[in-house]
Every structure is written in C-alpha cells, then in structure tokens.
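Close look at the chain arrangement
Listed below are the residues making up each chain.
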Amino acid sequence: MNIPRLPIGEAMEAVIDFLVTHCSLFTKAFASLVGYGLDMAEAGLLALPPWLLILVIAGLALWLSRSRTVTAFSLVGLLLIWNMGLWEATVSTLALVLVATLAAISVAVPLGVATALSRGAERLVMPVLDVMQTMPAFVYLIPAIPFFGLGKVAAIFSTVIFSIPPAIRLTCLGIKQVPPELSECADAFGSSRWQKLIKLELPLAMPTIMAGINQTVMLALSMVVIAAMIGARGLGGEVWKAIQRLEMGRGFEAGLCIVIVAVILDRVLQKAGARQ
C-alpha cells in the first residue's frame, strides 16, 4: 500500500519564498538597522586600545558581580586572549552577542509578560517555544540565508530566533510565581493592572528574568559560533577556518577564547541576577 508523501518540505519552501518576495521591505529595513547597530558597536569597541577595554570590562565585572574572583578571572582571561592575537575576533564576537541579545530581550520580555497575563497567549506561545527549543541549531541558518544572504545580519537573525525561548519562558514563569497574596494586596489598595505589573510583579520576577537573560546570552554565544558558517566571522570564524585548514592549535586557541568569554558573561550575569 502506497501512502502519499506529505509535501512538508515543499510547503515550507513555498512559505519562505512568499515571505522573501512580499516582506523584502521589512527585511531590508531590519538588515540596515541591525547592520548599522552592529558596525557602531564593533567600531566603538575597537576604537579603544585593548588594554583600556580590558580594564573597562574588568571594572564592569566588578561593579555588576561585586566579586573579586570574577573580576580577576575577567582581567587575566582577557589579557590571555590579547596575548594569543585573537583580540579583534573576540571583540567582533562580543559585538554580535551584544546586538543579538538586546534584540532578543526587547522581544522576549514583553512577549513573556503577555504570555503570563493571558491564557490564550500562553496556549499559543508555549507550543511554538517547545518546537523552537527542540529544533537543531543548524536549521535556523536555512531561512536566514534567503532573507538576508551571507553575512553578519543573517547570523544575528538566526541567533535571535535560536536564543529567544529561555527569556520568554522564564519571564512568564517569574511573573506567575509572584505570590497571589501580594497581588490581592495591590488590588485592595486600588492599583491598576499596569501599576501592579511595573511596581510589584516585574521587580519580584527580576531574578528569574535575569536567569532567562543569562541563558539567552549563552545560547547567543553558542549560535554566533555556529553562524560562522554563513559569514559571522569573529571567534567562530577562526574555529571554522581552523577546521578547514586542519590548524589544530589555532582552533584550540579560538575555542579557549570562546570558553573565557562564556565564563565571564555567565558568572557576571549570575552574580548580578542574585543581587536583584
């Protein structure tokens, strides 16, 4: 018995072709805005001497984490990256992660709030997040290419889509975990829905939201490395070139730089979230 094959792949290609054809105005505007922001961020970071930027990052780590251990690791780790000659690639990666994370958070937090406050939105959003979090990371590179071509904008687009689910989920969870007694007290004192959200629910949910932002940053960093295959460059580009040329030492150095950046971002955000 021959069962007709469902044309799932063909249908997806038709949807992507339709969006590419009819949404070109939006994609061009997105590419221009993101490309400009990325160029500005990268140029601003590279305008500073490496030693000065290292001191600035170490100072930010101390201010956000209030931990001498994290600050010392940040200082030594960044000096090691500079010593290995991978400073510009690291700055490029940091700029990509920064822009992608800001874009993801600007969408994730409002969407997480809406999901927490609306049962209908939750029923619609959660299954989509389940699919997004189980989809292989490389699949996100496929729609980015027809929309934006090869380059950093396509890498940021795929990075935002890949890294956004944890921030949405944990924002929703944080607001739902606000004790109902406090919500009832706010209602009893005549607080509006907006006042209760801004002055009560979001401040109490901030540690959980920060945990979601931390996960988003980590996923963005991992995806930026994968997106080197479509022209993201940075440290991922160094790893990709080392694979193509079988330069094992260079690949290990680039991988070590990625680990250092990931540990710095993770520890600083963890400490900052714990202080909320």
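It should be noted that the structure appears before, not after, this text.
Keep in mind that this is a model prediction, so the values were computed, not measured.

This part takes up the overall build of the chain. Across its full length, the chain holds twelve helices and zero strands. Counting from the amino terminus, the chain carries its helices and strands in the arrangement α-α-α-α-α-α-α-α-α-α-α-α. Dimensions of the chain along its principal axes, counting C-alpha atoms only, are 65 × 65 × 40 Å. Burial status across the chain gives 42% buried among its 276 residues. Partitioning the intrachain contacts of the chain with sequence separation of at least 6 by distance along the chain shows that 78% fall at a separation of at least 24. When the accessible surface of the chain is totalled, it reaches about 15,300 Å², and 70% of it is carbon and sulfur.

Note on placement: Thr115 falls in helix 5 (residues 87-117). The class for Thr115 is buried, based on a relative accessible area of 0%. Separated by 13 residues in sequence, Thr115 and Leu102 have C-alpha atoms that sit 20 Å apart. For Thr115, the residues in contact, after removing those within four places along its chain, are Ala121, Glu122, Val125, Met126, Ile168 and Cys172.

What follows is about the environment of Phe138. One can find Phe138 in the loop between helix 6 (119-134) and helix 7 (141-148). Residue classification places Phe138 among the partly exposed residues on the basis of a relative accessible area of 49%. Linking Phe138 and Phe162, residues 24 residues apart in sequence, is a C-alpha distance of 9.7 Å. For Phe138, the residues in contact, after removing those within four places along its chain, are Ile226 and Met229.

Most peptide bonds take the trans configuration, and most residues that are not glycine carry a negative phi. Located in the positive-phi region is Arg66, a residue other than glycine, with phi close to 55 degrees. Relative to the helices and strands, Arg66 resides in the loop between helix 3 (50-65) and helix 4 (68-83). Accessibility expressed as a relative area gives 55% for Arg66, which makes it exposed. Phi at Leu246 is positive, roughly 55 degrees, even though this residue is not glycine. Position of Leu246 among the secondary structure elements: in the loop between helix 11 (234-245) and helix 12 (248-274).

Turning our attention to the pattern of salt bridges. Opposite charge on two side chains allows them to pair when their charged atoms are near. Taken as a whole and assessed by the stated rule, the structure comprises seven salt bridges. Linking Glu42 and Lys152 is a salt bridge whose minimum nitrogen-to-oxygen distance equals 2.9 Å. Separated by 110 residues along the polypeptide, Glu42 in helix 2 (residues 24-47) and Lys152 in helix 8 (residues 152-176) bring together distant segments of the chain. With a shortest N-O distance of 2.4 Å, Asp266 and Arg267 are connected by a salt bridge. In this structure Asp266 comes out as buried when scored by relative accessible area, which is 12%.

What counts and what doesn't
Residues numbered from 1 in each chain as written. Predicted model: local features only at pLDDT ≥ 70, side-chain atom pairs only at ≥ 80, totals over all residues. Heavy atoms only, no water. Helix = DSSP H or I, 4+ residues; strand = E, 2+ residues; numbered from the N terminus. Buried < 20%, exposed > 50% of the residue type's maximum accessible area, 1.4 Å probe, protein only. Contact = heavy atoms within 4.5 Å. Areas by Shrake-Rupley, 256 points an atom, 1.4 Å probe, with all protein chains shown as cover. Salt bridge = Lys/Arg side-chain N within 4 Å of Asp/Glu carboxyl O.

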